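# Architecture at a glance
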Amino acid sequence: MIVEAAGLGKSFGSKRAVDEVSFVLEPGRVTGFLGPNGSGKSTTMRLMLGLDHGDGRTLYDGRQLAEHPVPGRVAGAHLDAKSFHPNRTARAHLRMLAAGSGVRDHRVDEVIEQVGLGTVAGKRPRGFSLGMGQRLGLASAILAEPAVLLLDEPANGLDPQSIAWLRDFIRAYASHGKVVFVSSHLMSEMQLMADDLVVIGRGRLIAHEPLAAFVARSTRNDVLVRVPDPVSLLGHLLAEGLSAVREGPDGVAVSGTTTEKVGEVAFHCGQPVRELTTRTASLEQAFLELTSDHQEYAAQNERGPGGVAG
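This paragraph deals with the sheet that holds strand β11 (residues 222-226). Sheet strands associate in pairs through backbone hydrogen bonding, adopting either a parallel or an antiparallel arrangement. In spatial order, the strands read β12-β13-β11-β14; together these four strands make up an open sheet with antiparallel pairing. Two strands bound the open sheet, and with one partner strand each, they are β12 (243-247) and β14 (275-279). The mean angle between the axes of side-by-side strands here comes to 20°, regardless of whether they run parallel or antiparallel. Of the pairings in the sheet, the one linking β11 to strand β13 (residues 251-255) comprises five bridges and is antiparallel in character.

Okay, here's the thing in structure tokens:
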């Protein structure tokens, strides 16, 4: 199934929360959804599901979600860890959802075990921790084995072991030809999990590309070379038109080139090379750099009058 979001938009009063956001989600791939706080990620997901009214539309294999006979089998979503009746047991909550999508009760028991809720299935979710609520939300989303899975910050409240389990689960789900669209502020996990990225800031699309291509755009990708005379090597590198700066007592960092090119320059100027290595930016470094101009609620380094942040 192909998911096409086209021209999504939403305003709250005079504030434009989402503005002409368009992208395509491919089956068999995990697409990470990133953006600074207040960038419009949750609103975008709600627009995709028809939970909010706004501009644009989202097509699931050419049809809007409501046009499919059983929408629950097309798209499953987990957008809120507390989206359940507090006095209904976890199993009863899932059975209610199952009835609405024509899912048999044995599937309810299946997903309860799959997400690790077996020991609390007969309990009311009002006493659940945030992590247990996340597991129940995930169970609700996958109940009808939908072709598309949308998850908004599903790792909130999970311990490290549960986060690792969630990562493996999401990748396995996508590997069966499913579309997975997941937002998270855990950049290290997203780097391990996502194939593609959709990045927004202040409601506008910043990037829609493979994760590797997004990271490759960071200026933090460079080549580090260590030699006995870094000043001399720096001069030769600059003469070659390369972007280079000193780093440490014997190092030079060179941007926009390869280890082969740097090694050749060092060889031709008679410099024995002590170290020559490519350094790749992390997703977090690339994200912070490439979204620096799109922060809605950026931390202030400067202080206003009386030491209060401005």
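To continue, consider the layout of surface pockets. There is about 510 Å³ of room inside the largest pocket. Residue assignment for the lining of the largest pocket shows that the elements contributing at least two residues are α2 (71-74), β6 (75-78), α3 (90-100) and α5 (130-142). Element by element, the count of residues in the lining of the largest pocket is highest for β6, at four residues. Classifying every residue of the lining of the largest pocket gives 13 nonpolar, eight polar and one charged.

On to the packing of α3 against α5, then. Contact pair α3 / α5: the axes reach a minimum separation of 10 Å and the direction vectors enclose 25°. With respect to each other, α3 and α5 are oriented roughly parallel. Considering how the two elements wind past one another, α3 and α5 form a crossing that is right-handed. Packed against α3, whose contacting residues are Ala90, His93, Leu94 and Leu97, the element α5 presents Leu136, Ala139 and Ser140 at the interface.

Turning our attention to the packing of α3 against helix α4 (residues 105-114). As a packed pair, α3 and α4 sit with axes 9 Å apart at the nearest point and diverge in direction by 130°. Looking at the two axes, α3 sits oblique to α4. As α3 packs across α4, the resulting crossing turns out to be right-handed. Where α3 approaches α4, its residues Arg91, Leu94, Arg95 and Ala98 are matched on the opposing element by Asp105, Val108, Asp109, Val111 and Ile112.

Turning our eyes to something else, we now look at empty space enclosed by the protein. Per the stated rule, a full pass over the model turns up two cavities of 30 Å³ or more. Each pocket or cavity is described by its volume, and for the largest cavity that value is around 60 Å³. If you trace the largest cavity, you find it lined by Pro154, Ala155, Ile163, Leu166, Arg167, Val182, Ser184, Leu186, Glu189 and Met193. Elements represented by at least two residues in the lining of the largest cavity include exactly α6 (160-175) and α7 (187-193). With three residues, the top contributor of residues to the lining of the largest cavity is α6. Of the residues contributing to the lining of the largest cavity, the split by class is seven nonpolar, one polar and two charged. By volume, the second largest cavity is sized at about 50 Å³. In terms of residues, the lining of the second largest cavity owes the most to one element, α5, which gives three residues.

On to the packing of aromatic side chains. This model, assessed by the stated rule, comprises five aromatic pairs. Ring geometry for Trp165 and Phe169: centres 5.6 Å apart, planes at 25°, overall stacked. Here Phe169 and Trp165 lie together in helix α6, a separation of four residues that amounts to about one turn. Residue classification places Trp165 among the partly exposed positions, given a relative accessible area of 27%. On the accessibility criterion, Phe169 (10% relative accessible area) is buried. Through a chain of ring-to-ring contacts, the aromatic side chains of Phe23, Phe33 and Phe181 assemble into a single cluster. Against the face of Trp165 rests Arg135, its NZ or CZ located 5.1 Å from the ring centre.

Cut-offs used in this document
Residues numbered from 1 in each chain as written. Predicted model: local features only at pLDDT ≥ 70, side-chain atom pairs only at ≥ 80, totals over all residues. Heavy atoms only, no water. Pairing = 2+ DSSP bridges. Helix = DSSP H or I, 4+ residues; strand = E, 2+ residues; numbered from the N terminus. Axes fitted to C-alpha atoms, helices over the stretch in contact; angles between N-to-C directions. 1 Å grid on protein atoms, 1.4 Å probe; cavity = no way out; pocket = protein on both sides within 12 Å on 5 of 7 lines; lining within 4 Å. Points joined across faces, edges and corners; volume = space filled by probe spheres on them. Nonpolar A, V, L, I, M, F, W, Y, C, P; charged D, E, K, R; others polar. Parallel < 35°, antiparallel > 145°, perpendicular 65-115°, else oblique. Left-handed = near helix turned anticlockwise from the far one by under 90°. Contact = heavy atoms within 4.5 Å. Phe/Tyr/Trp six-rings, centres within 6.5 Å; stacked < 30°, edge-to-face > 60°. Buried < 20%, exposed > 50% of the residue type's maximum accessible area, 1.4 Å probe, protein only. Lys NZ or Arg CZ within 6 Å of the ring centre and 35° of its normal.

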